[in-house]
Amino acid sequence: MEDLLKVGVITTTHGVRGEVKVFPTTDSADRFLDLDYVLLDTGKELRELEIQNVKFYKNLAILKFKEINNINDIEMYKGRELWIRREDAQELDDDEYYIADLLGMKVVLEDGSEFGTLKDVMETGANDVYIVETKSGGEVLLPAIAECILDVNIEENVMTVHIMKGLL
């Protein structure tokens, strides 16, 4: 399991006082309200930045960092990812998973036969879609709904699925 979890990506600056617009990679931008800091991937290192203020604009979070007071100090980080340590992450409900824990998971059919490997998760408005690379090298899109995803076992790194009619 990953020690760090991605929570967002800096899209652009906001104003001249060092605020940034962040596209959240969590299920809700509101989660930034519960964070004291984020780790900025500068390309060379992870830089801890204390969150001073959080606002919202459409689907974006606008963050002001205590250490940054000028647009010139943050502008170079457009497109960079923001991370948190796993121990600072929000508790998940049953049947909720961190994407980082799902990637690379072995996918098996309900009869136990191996189907493929979960390569990516597409976040859509209605439900997530799991991108599975099949044993034969093809790609199958599985909706993350109870009728299709029967079981997710994080400890064993295995997902059991039912292939609904029309998906293949």
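Residues numbered from 1 in each chain as written. Predicted model: local features only at pLDDT ≥ 70, side-chain atom pairs only at ≥ 80, totals over all residues. Heavy atoms only, no water.

Student: Please clarify how the pattern of salt bridges should be interpreted in this entry.
Tutor: Two side chains of opposite charge can pair, provided their charged atoms sit close to one another. Applying the stated criterion to the full structure yields five salt bridges. Two residues, Arg86 and Asp101, come together in a salt bridge whose shortest N-O distance is 2.6 Å. With Arg86 in the loop between strand 6 (81-85) and helix 2 (99-102) and Asp101 in helix 2, the pair connects residues that are 15 residues apart, well separated along the chain. (Salt bridge = Lys/Arg side-chain N within 4 Å of Asp/Glu carboxyl O. Helix = DSSP H or I, 4+ residues; strand = E, 2+ residues; numbered from the N terminus.)

Student: Which parts of the structure should I look at to understand the side chain of Thr134?
Tutor: Counting through the fold element by element, Thr134 comes out in strand 9 (residues 129-134). Here Ser136 takes part through its side chain, which lies 3.1 Å from a polar atom of the side chain of Thr134. Beyond its immediate stretch of four places on either side in the chain, Thr134 contacts Phe115, Gly116 and Val140. (Polar contact = N/O pair within 3.5 Å; in protein donor to acceptor, adjacent residues only side chain to side chain. Contact = heavy atoms within 4.5 Å.)

Student: In this structure, what is going on with the environment of Ile163? I would like to understand it.
Tutor: Relative to the helices and strands, Ile163 is located in the segment after strand 12 (158-161). Leave out the neighbours within four places in its chain, and Ile163 touches Leu109, Phe115, Leu142 and Leu168.

Student: What's the story with the nonpolar core in this structure? I'm lost.
Tutor: Side chains of nonpolar character tend, in soluble globular proteins, to be buried together. In this structure, Phe32, Val38, Leu63, Phe65 and Leu82 are the most contacted members of the largest nonpolar core, which totals 22 residues. Looking at this core, the elements with two or more residues in it are strand 1 (4-14), strand 2 (19-24), strand 3 (37-41), strand 4 (46-57), strand 5 (60-65) and strand 6. Apart from residues lying up to four places away in sequence, Leu82 is in contact with Leu5, Lys6, Val7, Gly8, Ile10, Val22, Val38, Leu39, Leu40 and Leu63. Of all hydrophobic cores here, the second largest spans 16 residues; its members include Leu102, Ile149, Ile154 and Met159. (Core = buried A, V, L, I, M, F, W, Y, C linked by side-chain atoms within 4.5 Å. Buried < 20%, exposed > 50% of the residue type's maximum accessible area, 1.4 Å probe, protein only.)

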